[in-house]
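For reference, the chains in residue letters:
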Amino acid sequence: MTDSGDTDGKQRRSRPPTTRVRMSAAQRREQLIAIGRQLFAERGYDATSVEEVAARAKVSKPVVYEHFGGKEGLYAVVVDREVRALLDRIAAALTAGHPRELLEQAALALLDYIEEEPHGFRVLARESPVLSPAGTFSSVMNDVAHQVEHILGAEFKSRGLDPKFAELYSQALVGMVALVGQWWREARKPKKEMVAAHLVNLAWNGLSHLEAKPALLTRKIR
């Protein structure tokens, strides 16, 4: 009669040893960026450490330093990616011909990003002393404002208004959407499309000509 314990032991010994799949340098870099993005979003720059990034990736600290030179380097890469992702979204969204529709699309692109990339938005919304002004949320919004400025400049000319004030109005409009977006990130009420509709209502019509029930031209309010 065969001893079952001895059989189990032989089966265990006969199994091939499990080996961990080794990541390529590019894969490891992407893993560290993803982990850094999450930590910076959750805790901010100051409260995040290289030790914790390494621990979550299950690597040693020197691996993080090898790829990024330190926490500052990792943070800069994360922020740069988010800046490009947000600007690409907004640029791709601006497809309409009418200025009001373009305003809707810009507002919706920012709100879509906030909803779909909460970690990325938190990283951008946190100002960090280690980065130059080019890596802050305000600088991202400034880039967006420059795109809006060209739209407003053409609209001002067609209405006989002085186009030199287009920059002022673009900063005001983008700032309004950005601040409301930060508030909506936490409140999540009302629905995204309704938020965009009311933003455009105020921006397009002004307080003296607000629509009682604003609607979007480019997307239905769910």
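Residues numbered from 1 in each chain as written. Predicted model: local features only at pLDDT ≥ 70, side-chain atom pairs only at ≥ 80, totals over all residues. Heavy atoms only, no water.

Under an unreviewed UniProt entry, the protein chain has the name TetR/AcrR family transcriptional regulator and belongs to Paractinoplanes bogorensis.

Considering the packing of helix 5 (residues 71-93) against helix 8 (residues 137-158)
At a minimum axis distance of 10 Å, the contact between helix 5 and helix 8 shows a crossing angle of 20°. Considering the angle they form, helix 5 stands roughly parallel to helix 8. The two elements helix 5 and helix 8 cross, and the hand of that crossing is right-handed. Along its contact with helix 5, which presents V83, L86, L87, I90 and A91, the element helix 8 presents V140, M141, D143, V144 and Q147. Of the residues belonging to the contact of helix 5 with helix 8, the class tally is 8 nonpolar, 1 polar and 1 charged. (Axes fitted to C-alpha atoms, helices over the stretch in contact; angles between N-to-C directions. Helix = DSSP H or I, 4+ residues; strand = E, 2+ residues; numbered from the N terminus. Parallel < 35°, antiparallel > 145°, perpendicular 65-115°, else oblique. Left-handed = near helix turned anticlockwise from the far one by under 90°. Contact = heavy atoms within 4.5 Å. Nonpolar A, V, L, I, M, F, W, Y, C, P; charged D, E, K, R; others polar.)

Quick word on the UniProt feature "DNA-binding region" (unreviewed entry) in the protein chain
Mapped onto this numbering, the UniProt entry annotates "DNA-binding region" (unreviewed entry) at residues 49-68. With 80% helix and 0% strand, the stretch residues 49-68 has end C-alpha atoms that lie 13 Å from each other. (UniProt positions renumbered as here; feature names shortened; annotations may be inferred.)

Topic: the pattern of salt bridges
Applying the stated criterion across every chain yields a total of 17 salt bridges. Residue R81 is joined to E30 by a salt bridge in which the shortest nitrogen-to-oxygen separation is 2.6 Å. With R81 in helix 5 and E30 in helix 2 (residues 25-43), this residue pair connects regions lying 51 residues apart in the sequence. Between E42 and R56 there is a salt bridge, with its nearest N and O atoms 3.6 Å apart. Pair noted here: E42 is in helix 2 and R56 is in helix 3 (residues 50-57), with a separation of 14 residues, a long-range link. Given a relative accessible area of 38%, E42 falls into the partly exposed group. A single network of salt bridges, built from pairs that share partners, joins D112, E115, K192, E193 and R219. (Salt bridge = Lys/Arg side-chain N within 4 Å of Asp/Glu carboxyl O. Buried < 20%, exposed > 50% of the residue type's maximum accessible area, 1.4 Å probe, protein only.)

Quick look at the packing of aromatic side chains
Summed over the entire model, instances satisfying the criterion amount to 5 aromatic pairs. Ring centres 6.1 Å apart and planes at 20° place the aromatic pair F40 and Y45 in the stacked group. Both rings, one in Y45 and one in Y75, keep their centres 5.0 Å apart while their planes meet at 65°; by these two values the pair is edge-to-face. Of this pair, Y45 sits in the loop between helix 2 and helix 3 while Y75 sits in helix 5, and the two are 30 residues apart along the sequence. Since its relative accessible area comes to 2%, Y75 is described here as buried. Through a chain of ring-to-ring contacts, three or more aromatic side chains come together here, namely F40, Y45 and Y75. Positioned above the aromatic ring of Y45 is the side chain of K71, whose terminal nitrogen or guanidinium carbon lies 4.2 Å from the ring centre. Geometry around W184 places R188 over its ring, the cationic atom sitting 4.8 Å from the centre. (Phe/Tyr/Trp six-rings, centres within 6.5 Å; stacked < 30°, edge-to-face > 60°. Lys NZ or Arg CZ within 6 Å of the ring centre and 35° of its normal.)

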